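Observations on the three-dimensional arrangement
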Amino acid sequence: MAQRKFLIEVEPAKEAKDGRPSIGPVYRSVFAKDGFPAPIIGMDSCWDIFRMSVEKYPDNRMLGRREVVNGKPGKYVWLTYKEVYDLVIKVGNSIRSRGVEEGGRCGIFGANCPEWIMSMEACNAHGLHCVPLYDTLGAGAVEFIICHAEVTIAFVEEKKIPEVLKTLPNTTQYLRTIVSFGKVTPEQKEEVRNFGLAIYSWDEFLLLGDNNQHDLPVKKKSDICTIMYTSGTTGDPKGVMISNNSIVALIAGVKRLLETANEALHVEDVYLSYLPLAHIFDRVIEECFINHGASIGFWRGDVKLLIEDIGELKPSVFCAVPRVLDRIYTGLQQKLSSGGFLKKSMFGFAYSYKLHNMKKGNKHEDASPLCDKIVFSKVKEGLGGNVRIILSGAAPLATHVEAFLRVVACCHVLQGYGLTESCAGTFVSLPNELDMLGTVGPPVPNVDVCLESVPEMQYDACSSTPRGEICIRGETLFAGYYKREDLTKEVLVDGWFHTGDVGEWQPDGSMKIIDRKKNIFKLSQGEYVAVENLENIYGLVPDIDSIWVYGNSFESFLVAVVNPNKYALERWAEEKGVTGDFNSLCENPKAKEYIIGELSRVGKEKKLKGFEFIKAVHLDPEPFDMDRDLLTPTFKKKRPQLQKYYQRIIDNMYKSLK
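With respect to the packing of helix α12 (residues 341-359) against helix α14 (residues 369-382)
- Interaxial distance between α12 and α14 falls to 10 Å at its minimum, and their mutual angle equals 140°. Relative to α14, the element α12 lies oblique. Handedness of the crossing formed by α12 with α14: left-handed. Note on element contacts: α14 touches α12 through C371, D372, I374, V375 and F376, opposite M346, F347, A350, Y351, Y353 and K354.
- Among the residues forming the contact of α12 with α14, the class breakdown is 9 nonpolar, no polar and 2 charged.

Considerations on the packing of aromatic side chains
- Applying the stated criterion across every chain, the model contains 28 aromatic pairs.
- Ring geometry for Y200 and F205: centres 5.9 Å apart, planes at 55°, overall tilted.
- Residue classification places F205 among the buried positions, given a relative accessible area of 0%.
- Centroid distance W572 to Y594: 5.2 Å. Interplanar angle 20°. Geometry classified as stacked. Highlighted residues: W572 in helix α18 (residues 566-576) and Y594 in helix α20 (residues 589-605), separated in sequence by 22 residues.
- W572 gets classed as buried once you look at its relative accessible area, which sits at 8%.
- Through successive ring pairs, a cluster of aromatic residues spans W548, Y550, F557, F624, Y645, Y646 and Y654.

What about α20?
- Taking 1.5 Å of rise per residue, 17 residues should cover 24 Å, and α20 covers 24 Å from first to last C-alpha, within 8% of that figure.
- By the burial criterion, the buried members of α20 are A591, I595, E598, L599, S600, V602 and G603.
- At its buried positions, α20 is contacted by α17 (531-538), β26 (544-550), β27 (558-564), α18, α19 (582-587) and β28 (614-619).
- Between a side-chain oxygen at the N-terminus of α20 and the backbone nitrogen of K590 the separation is 2.8 Å; the capping residue is N588.
- Following α20 by one or two positions, K607 has its phi on the positive side, about 55°.

What about unusual backbone geometry?
- P169 follows L168 through a cis peptide bond whose omega is 5°.
- Its location among the elements puts P169 in the loop between α5 (161-165) and β8 (177-180).
- The residue K314 is not glycine, and still its phi comes out positive at about 55°.
- In this structure, K314 sits in the loop between α10 (306-313) and β14 (317-320).
- For K607, which is not glycine, the phi torsion reads 55° and is therefore positive.
- Structurally, the position occupied by K607 is in the loop between α20 and β28.
- A residue is classified by how much of its surface remains accessible, and K607, at 71% relative accessible area, is exposed.

Points about the sheet that holds β26
- Strand order in the open sheet formed by 3 strands is β26-β27-β28, and the pairing between neighbours is mixed. Each end of this open sheet is capped by a strand with a single partner; those strands are β26 and β28. Direction aside, the axes of adjacent strands within the sheet are offset by 30° on average.
- Those strands touched by α20 are β26, β27 and β28, and its axis lies near 130° from that of β28.
- The strands touched by helix α21 (residues 639-656) are β26, β27 and β28; relative to β26, the strand with the most contacts, the crossing angle is about 80°.

Observations regarding the side chain of D269
- Mapping D269 onto the fold places it in the loop between α8 (244-260) and β12 (270-273).
- For D269, the side chain forms a polar contact with the side chain of S316, separated by 2.6 Å.
- What D269 contacts, discounting residues up to four positions off in sequence, is A264, F289, A294, S295, S316, V317 and R388.

Some points on a nonpolar patch on the surface
- A surface patch of nonpolar side chains, about 320 Å² in accessible area, is lined by M346, L370 and I374.
- Locating M346 in the fold gives a position in helix α12.

Notes on the pattern of salt bridges
- According to the stated counting rule, one finds 42 salt bridges in the structure shown.
- For D309, the salt bridge goes to R66, with nearest N and O atoms at 3.0 Å. Linking D309 in helix α10 with R66 in strand β3 (residues 61-69), this pair joins segments that are 243 residues apart in sequence.
- Of the residues examined, D309 reaches a relative accessible area of 0% and is grouped as buried.
- Between D543 and R571 there is a salt bridge whose closest N-O contact spans 3.8 Å. Taken together, the residues span a long stretch of sequence, with D543 in the loop between α17 and β26 and R571 in helix α18 at a distance of 28 residues.
- Members of the salt-bridge network, linked through shared partners, are E11, R28, D448 and R473.

Here's the deal with the pairing of β27
- With 7 of its 7 residues buried, β27 lies for the most part within the structure.
- A two-sided burial pattern is seen for β27, the buried positions comprising L558, A560, V562 and P564 on one face and V559, V561 and N563 on the other.
- The pairing of β27 with β28 spans 5 bridges and is classified as parallel. Within β28, the position partnered with V561 by the bridge is H618.

A few points about the state of the cysteines
- Applying the stated criterion to the full structure yields 0 disulfides.
- Looking at C46, it has no disulfide partner, and the nearest cysteine sulfur is the one in C225, 3.8 Å off.
- C410 forms no disulfide, and the closest cysteine sulfur to it belongs to C411, at a distance of 7.5 Å.
- Take C410: its relative accessible area is 11%, and that puts it in the buried class.

Quick notes on the rules
- Residues numbered from 1 in each chain as written.
- Predicted model: local features only at pLDDT ≥ 70, side-chain atom pairs only at ≥ 80, totals over all residues.
- Heavy atoms only, no water.
- Axes fitted to C-alpha atoms, helices over the stretch in contact; angles between N-to-C directions.
- Helix = DSSP H or I, 4+ residues; strand = E, 2+ residues; numbered from the N terminus.
- Parallel < 35°, antiparallel > 145°, perpendicular 65-115°, else oblique.
- Left-handed = near helix turned anticlockwise from the far one by under 90°.
- Contact = heavy atoms within 4.5 Å.
- Nonpolar A, V, L, I, M, F, W, Y, C, P; charged D, E, K, R; others polar.
- Phe/Tyr/Trp six-rings, centres within 6.5 Å; stacked < 30°, edge-to-face > 60°.
- Buried < 20%, exposed > 50% of the residue type's maximum accessible area, 1.4 Å probe, protein only.
- Expected span 1.5 Å × (residues − 1).
- Polar contact = N/O pair within 3.5 Å; in protein donor to acceptor, adjacent residues only side chain to side chain.
- Pairing = 2+ DSSP bridges.
- Patch = residues over 30% accessible without salt bridge, like charges linked within 9 Å, V, L, I, M, F, W, Y side chains within 5 Å.
- Areas by Shrake-Rupley, 256 points an atom, 1.4 Å probe, with all protein chains shown as cover.
- Salt bridge = Lys/Arg side-chain N within 4 Å of Asp/Glu carboxyl O.
- Disulfide = S-S within 2.5 Å.

Spelled out as structure tokens, the structure:
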């Protein structure tokens, strides 16, 4: 069988036939050369993951939150595995006392907290479908999900209760019980009673099941444990049905991967829970920690206080989306720039020296222990001092940010790729493999992967540099979209999940995401534009934070909306003698010319075609965000919404160039 260092070939390529595109060879991780890892004996469901850890580690710290005394946060206070188990049994009995039977749908709405996990585990115990509701979405989406999933009981963060009440009476056909993670006001009780529903505070709800014990049903691997709604860039959210087996199989694969890379999780590991549990990325990471009897500490829900929570918790594994790591990178760059000449020179020398040694194949901890101790230790301390793995997911991490953090953070910085439909973990880069910069690494050891050619975009899965749509096969795949068999058939073909993402195999077997299959349009002269690929290229410009490229079949050239980097633009203005605050600089024609020049420079370096160059830009000082409905909760661009929001500006850019 052919091999790309970290891959083995398990099936040969298939030529195009019957109108179907050609398919490249099927590969799997070299760590699965003896077969996919078998699930742990006795672990058939998500409930078993928790139950077995309670039996094995009853006194280990499991869930922690910061104690607040007189309005000031203190140390983390912990519940053990056995204490959490006892509370989960109470929650489960209380749920059943409200008439919710096996297979029923239970909503959870709010920021991460111990009660979130306890509610989820109660669902796992009684064979209920846990339906997370987005903490970042408004009443419209919450109402849709409650009705679509037929949610009968919802656990809700105290401050989110008003948003759920806004959905009444439209959701009362299904919703019968609301449980607050905290307290409930008399006014809320009265309002809910008027609609024929019941509402309980957390403490009140725990009492319901005291004299109402229920046996736990037998759970099967094939049972659905969660319906996780993906935000989607267009249309209504889709309910992704995930089985017990998908999560159990993923945990077995992650365990094999980490053990093979000598970075196995252990009981002393500590994880900071702040990425939304409503997304599969954080859900499966926390399941992995629970499986190992490790500790999960929760943030206070305020991004401005995140670094302070990190300093108190001192996590050993830190998961992040690129936006968080970008902020860390920018903050470090600003500190460097404000330092003296000696400080900057010492940092620059240490960075170059350590990077050089890492490129020669040295492990990060061996590349320059002296530089780590004298120069980079402060960065590590800023992340609590104990971090050994930083894992980035949900969106692409800029290569220059990844490279910088790999050197200065004194830990492994890994980038992963996955979808809700693939149970999150599908690819992940490997420790101490610097050549994997800018890639998402090879597949995890429990999936098969192939590329399917995309002829209309000139991507050939069988060429010397294989490019095509990433297709995944394996037990971690979802069971289908809830009540949407039509959409399921579109993406699941002959057991292969078609991701819609275009990838390129690297010589070492890692995958590089280069495009999105559907993000393609034709300009008026007939040329096709793969817009996501262009945004990835233009994203290499260090002076911009984000870019949205626009074009259509009635125009012959491209325009863009750019979020410039505040620090970089202000530095340029100072050098050029241009006055004004950041907002006025974004309106300045000279600043726009400068950004267009930087975009063109990168375009020439990457040998873009003439029609792929940006002819006009609008500089928006306000980053694309979810508040304006321009991004999904996983920070993907909502292109129709971006077009609607910036339509007047787009029209003016085209008019100005004609």
